[in-house]
Amino acid sequence: SQQGEEDPQALSIQEGENATMNCSYKTSINNLQWYRQNSGRGLVHLILIRSNEREKHSGRLRVTLDTSKKSSSLLITASRAADTASYFCATDVMDSSYKLIFGSGTRLLVRP
Amino acid sequence: DGGITQSPKYLFRKEGQNVTLSCEQNLNHDAMYWYRQDPGQGLRLIYYSQIVNDFQKGDIAEGYSVSREKKESFPLTVTSAQKNPTAFYLCATRGVSTDTQYFGPGTRLTVL
């Protein structure tokens, strides 16, 4: 079952611009996480935001969470060509299983 | 990817054969997970294990089997009952004091 749906599916921007991607989910969560995947590689954890948090920063990343709308956004500021990758949101649902449910991802292309 | 190894990186299987994918970790993490990723899609959970000698089915367990005899190892067998096994398989681990998952580099399985 796919809980998270990401928007847009693909995004192409110029180096130096900001990239925003959104994630919507369906059920109550403990936390929401964002992961990055370079082509053909494993996923790398970027940032985690808990259900009682509204905003979190890590370097050039800014994540927001709106539990009333069941949505999150990931903002990458001052993008670089090296940011080209797929980005996935994953929700840790409130069932004590510690399973993550992944969205379908946003493919980001940063043009040099 | 550090601390989690998956082998082989590429695997080719003839129809009707069982194959086993290896996942080994030296992170001393209790929980381990197997995911399947199809092209352009997110991750779907196959099986997970939160402790040695115990494991649970994920969302798409049919045609797969696992074992967890050691903390460090969580092999996945793709059986002939899995009708469409061509995909990218990712193993992940999670420590007891963290909500994030750490991913291996993946195995790409192709059925000939």
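Source: prediction; values computed, not measured.

1. As for the sheet that holds strand 7 (residues 61-66) of chain A
Within a sheet, neighbouring strands are paired by backbone hydrogen bonds and run either parallel or antiparallel to one another. All names here are of chain A. Strand order in the open sheet made by the 5 strands is 1-3-8-7-6, with antiparallel pairing throughout. Two strands in the sheet have a free side with no partner beyond their single neighbour: strand 1 (5-7) and strand 6 (55-58). Mean inter-strand twist for the sheet, computed between neighbouring axes without regard to direction, equals 15°. For strand 7 and strand 8 (residues 71-76), the ladder comprises 6 bridges, and the chain directions are antiparallel. Looking at the pairing, Asp-66 lines up with Ser-71 of strand 8.

2. So, the packing of aromatic side chains
A complete count under the given rule lists 9 aromatic pairs over all chains for this structure. Each ring, one from A:Phe102 and one from B:Phe103, has its centre 6.1 Å from the other, and the planes form 80°; the classification is edge-to-face. Of this pair, A:Phe102 sits in strand 10 (residues 100-102) while B:Phe103 sits in strand 10 (residues 102-103), which puts the two residues in different chains. A single burial state applies to A:Phe102 and to B:Phe103, both of which are buried. With centroids separated by 5.7 Å and ring planes inclined at 35°, the aromatic side chains of B:Tyr35 and B:Phe103 adopt a geometry described as tilted. Of this pair, B:Tyr35 sits in strand 4 (residues 31-37) while B:Phe103 is found in strand 10, placing the two residues 68 residues apart along the sequence. Given the relative accessible area of 2%, B:Phe103 is considered buried. Members of the aromatic cluster, connected to one another through ring pairs, are A:Tyr35, A:Phe102, B:Tyr33, B:Tyr35, B:Tyr48 and B:Phe103.

3. Some points on the interface of chain B and chain A
Opposite the 22 residues of chain B that make contact, chain A presents 24 residues. At the boundary of chain B with chain A, total buried surface from both sides reaches about 1,800 Å², with 49% on carbon and sulfur atoms. Among the residues chain B hides against chain A, the three largest losses belong to B:Leu43, B:Asp99 and B:Phe103. Together they make up 27% of the total. Our enumeration of links across chain B and chain A arrives at 1 salt bridge. Two residues, B:Asp99 and A:Arg50, come together in a salt bridge whose shortest N-O distance is 2.6 Å.

4. Re the sheet that holds strand 7 (residues 64-66) of chain B
Residues and elements named next belong to chain B. Taken in spatial order, the 4 strands of this open sheet run 1-3-8-7, and their pairing is antiparallel. Pairing within the sheet leaves two strands with one partner each, and these edge strands are strand 1 (4-7) and strand 7. On average, each strand axis in the sheet is tilted by 20° relative to the strand beside it, whichever way the strands run. With 3 bridges connecting them, strand 3 (residues 19-25) and strand 8 (residues 76-78) associate as antiparallel partners. Paired with Val-19 across the strands is Val-78, a residue of strand 8.

5. Some details on the pattern of salt bridges
Residues and elements named next belong to chain A. One pass over the full model with this rule turns up 8 salt bridges over all chains. A salt bridge links Arg-36 to Asp-83; the shortest N-O distance between them is 3.9 Å. With Arg-36 in strand 4 (residues 29-37) and Asp-83 in the loop between strand 8 and strand 9 (85-93), this residue pair connects regions lying 47 residues apart in the sequence. You can call Asp-83 buried: its relative accessible area is 7%.

What counts and what doesn't
Residues numbered from 1 in each chain as written. Chains lettered and ligands numbered in written order. Predicted model: local features only at pLDDT ≥ 70, side-chain atom pairs only at ≥ 80, totals over all residues. Heavy atoms only, no water. Pairing = 2+ DSSP bridges. Helix = DSSP H or I, 4+ residues; strand = E, 2+ residues; numbered from the N terminus. Axes fitted to C-alpha atoms, helices over the stretch in contact; angles between N-to-C directions. Phe/Tyr/Trp six-rings, centres within 6.5 Å; stacked < 30°, edge-to-face > 60°. Buried < 20%, exposed > 50% of the residue type's maximum accessible area, 1.4 Å probe, protein only. Contact = heavy atoms within 4.5 Å. Buried area = accessible area lost by both parts, 1.4 Å probe. Salt bridge = Lys/Arg side-chain N within 4 Å of Asp/Glu carboxyl O.

Just geometry here; none of it tells us what the structure is for.
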